[in-house]
Amino acid sequence: MPDLLAARAQMGTSLAFHIIFSALGVGLPLLLCIAEGLALFRKDKTWMMLARRWTRAAAILFAIGAVSGTILSFELGLLWPTYIKFAGAVVGLPFALEGFAFFLEAIFLGLYLYGWDRLSPRAHWLCSFPIWISGLASAWFIVSANSWMNTPTGFVIKNGKVVDINPIQAMLNPSTPYETIHMILACYVATGFGVAAVYAVGMLRGKRDDYHRKGLMLAMAMGVIAIPLQIISGDANARFLVDAQPAKLAAMEGVFKTEQGAPLQIGGLADPNTGKVYYALEIPRGLSILATGDPNATIKGLDTIPREDWPNPLPVHTSFDGMVASGFFTLFVALVFWFLYFLKKRTIPENRVLLWAIVLAGPLSFLAIELGWMVTEFGRQPWVIYGYLRTKDAVTTAPGLNISFLVFSLVYVLLSVALIRLLLGVARSPLPKVEIPGNRQKPERAGA
Amino acid sequence: MSVALIALSVLWLGLIAYAVLGGADFGAGIWDLFAVGSQAQRQHELINHALGPVWEANHVWLIFLIVGLFTAFPSAFAILSIALFLPLTIALIGIVLRGSGFIFRTYAIDTVGPTARWWSRVFSTASLATPFFLGASAAAVASGRIESSNGNVQADLGSTWTTPFALTIGAMAISLCASLAAVYLTVEARNNHEESLAEMYRLRALIAGAVTAVLGALGLLLSPSEAPILWQGLLTRALPVVIATMLIGLATAASLFFRKYSLARILIILETAFLLGSWGLSQYPFIIPPHVTIDSAANDPNVIVALLISIGIGMVLLLPSLYYLFSVFKLPSSPAPGLQKKEESTPGDLS
């Protein structure tokens, strides 16, 4: 394949792989912190067992997150030297701040993972706070850099040179509040439903003990708080794009022709060659209402944008609808779960259909993250820095990009296989024996 | 003193931190390759015990270097990325396999089974390869052969980083990492009361140190022809540092010989710092000799000042945290707050 395509494929694969671990890196430490806190304050062994088990998974997942993140930081230069020359100059700062947040995360992670037998219970629990706080900060900083690529600010171009750089203004560019919040919430949604799916599988296999119920409950609690906020945040993002990136919005919604009272196209295939959306479910005036609140509002179509500046609406529209659909599915599952929970006087519902829906919601939440990134990345094309630098002008001149893509793909396959085998092994291994100092002993429950 | 020079000095300190911390982790991986025979399992456990809590934090120094470099000197970073595409890509794959190999072998369900053994090999082989390619890349920069005068940089498939000089420095990077690790592992083994392991790593530290010295001397001999700018600098402004590096090297060997292990650990850290310091000092004022200087590659001063302020604030949070991490796991002599009262755990206990 051409070098540009190979470089994009390698970058895309790297991001798609890393994003799973970064989402868990933001969400899982909060679950750990809550579970260990409940264990200490309620003197409850089950919560402690959950915290110990999650720690083992976290050690593996975070290590893979650290190395796959390193790949990305190298690739910014190795694949896109022209991009990093520009972006490094203007938004290097959030990358550096993210570096510090990652540093603190790694330090306290080391203390947390290996300190169970060395630190006092309270000191150990306190070590979980810097982990989730810096995970949150990392996500914010790194997504602010991506926001800048969508709405670049904080510099002036004079005689082809980037001057008058204001790094703070670049970091706080117009997209930052929308994108960062959307991604952080996505991390909690995906972690919540991802962990819930693990315990739902266990319960479907007949392990309906306290351990599985508590694991499911805490994960679903995180999910049910995050998912409605996420849908509100998604709506705010789309409204923001009306003026900030009309080309992206048009591609997301499959709008080819500028229209007053534009319909909402649900599903379907947006064909850029014919300028039509095939097989879509059409809701009259739906898009105008959603995007602006006014049923007669005009929505800019791709026809207002020069053809060479079009993103490809086919993957953007399809990814967007896939993301929204899985968002609403998870919302529905969470609401049914908590409705039944309170209806049945605070007992965890164990309905098989509901458990199966939770099993499905886990992977779908991660899929939604992947699709969301496809929307924002494909939707920004052909630009890497919107309006300033085209992706094709940013790629390296180094040869052998096809080989590089092939080698990295093999590395990802190898890591994925090893990781899945290892995590399944962890899930099957017997639960750790735990003690809570000075507690009233509860009988230990079996489970795996 | 310009802000760019301050930024580069800070990055150089970061490089030293990565070398003495991350470098030692690579070195431990190298020694893992040599762990055979009846004591093999005890050596694996000692290495797991030494690396486990700290390797991820040590690794972040590399991220600090990369983001610091592209924020403060974006054009230099772009040139290095293009010119050293191949060795840096190989080093990157090495870094990835080292980290994942380590975690897959330590957390394997059957820690002595075939899967764990295979990942052990991946871990140690990657630990051997990575410092070599990083060292060779550094030598390619120091030799001043990465052309960029006309702004057109060519990706180089081997002419700058496979010279005798670059190969020597690559090999020296391996032996330096191995020496650092051997000294640290001697201290760890002694703290765990594993006297025979401590003796073994003491001997290995002496051998690796001697190899590093020989390779260093060879590198010096090759510099007049292969890295003239570096050689000029080494003879002039960096000369005191070069002499100090040699003397500290001898002192490290002596303290190992007399079994003053904690002193040896401090000395080998100093040794590494002086070695890297002499490189930086000799090629001043260039970042990439012979064309790219600190000032010509520097970003807008606004950004560098913002970066330095952020680093200052970041360090206020980072340094106490790092000290706490190391005092809990590495410095039994300085008791940290929050420690458990009971006796310490057995090495290799992970969950």
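Read on for a plain summary of the structure. (Residues numbered from 1 in each chain as written. Chains lettered and ligands numbered in written order. Predicted model: local features only at pLDDT ≥ 70, side-chain atom pairs only at ≥ 80, totals over all residues.)

## A closer look at the interface of chain A and chain B
In this assembly, 61 residues from chain A lie in contact with 58 residues from chain B. The set of elements that each furnish at least two residues to the side of chain A that touches chain B consists of helix 2 (45–78), helix 3 (81–114), helix 6 (167–171) and helix 14 (401–428) of chain A. Here the residues of the side of chain A that touches chain B sort into 39 nonpolar, 17 polar and 5 charged. (Contact = placed C-beta atoms within 7 Å. Helix = DSSP H or I, 4+ residues; strand = E, 2+ residues; numbered from the N terminus. Nonpolar A, V, L, I, M, F, W, Y, C, P; charged D, E, K, R; others polar.)

## Focus on unusual backbone geometry
At the junction of Tyr284(B) and Pro285(B), the peptide bond is cis and its omega measures out at 5 degrees in the coordinates. With respect to the helices and strands, Pro285(B) occurs in the loop between helix 11 (261–282) and strand 1 (286–288). For the peptide bond that leads from Pro289(B) to Pro290(B), omega is 5 degrees, which places it in the cis range. Note on placement: Pro290(B) falls in the loop between strand 1 and strand 2 (292–293). Of note in this structure, Asn159(A) is not a glycine but carries a positive phi near 50 degrees. Given 5 C-beta atoms within 10 Å, Asn159(A) falls into the exposed group. Unusually for a residue other than glycine, Tyr279(A) sits at a positive phi of about 60 degrees. Positionally, Tyr279(A) belongs in the loop between strand 6 (276–278) and strand 7 (281–283). (Buried ≥ 20, exposed ≤ 12 C-beta atoms within 10 Å, placed from the backbone.)

## Some words on the nonpolar core
By size, the foremost hydrophobic cluster in this structure holds 280 residues, and its most contacted members are Leu31(A), Ala196(A), Ala76(B), Ile79(B), Cys177(B), Ala181(B) and Leu185(B). The biggest single contributor to this core is helix 3 of chain A, with 24 residues. Once residues within four sequence positions are removed from consideration, Cys177(B) is found in contact with Gly23(B), Ala24(B), Phe26(B), Gly27(B), Ile30(B) and Pro131(B). (Core = buried A, V, L, I, M, F, W, Y, C linked by C-beta atoms within 7 Å.)

## A few points about the packing of helix 8 (residues 195–226) of chain B against helix 10 (residues 239–257) of chain B
All names here are of chain B. The interhelical angle for the contact between helix 8 and helix 10, taken along N-to-C directions, is 160 degrees, at an axis separation of 10 Å. For the element pair helix 8 / helix 10, the angle class is roughly antiparallel. Of the two possible hands of crossing, helix 8 and helix 10 adopt the one that is left-handed. Counting all contacts with helix 8, which are made through Arg202, Ala205, Leu206, Gly209 and Ala213, the residues of helix 10 involved are Gly249, Thr252, Ala253 and Leu256. Here the contact of helix 8 with helix 10 is composed, by residue class, of 5 nonpolar, 3 polar and 1 charged. (Axes fitted to C-alpha atoms, helices over the stretch in contact; angles between N-to-C directions. Parallel < 35°, antiparallel > 145°, perpendicular 65-115°, else oblique. Left-handed = near helix turned anticlockwise from the far one by under 90°.)

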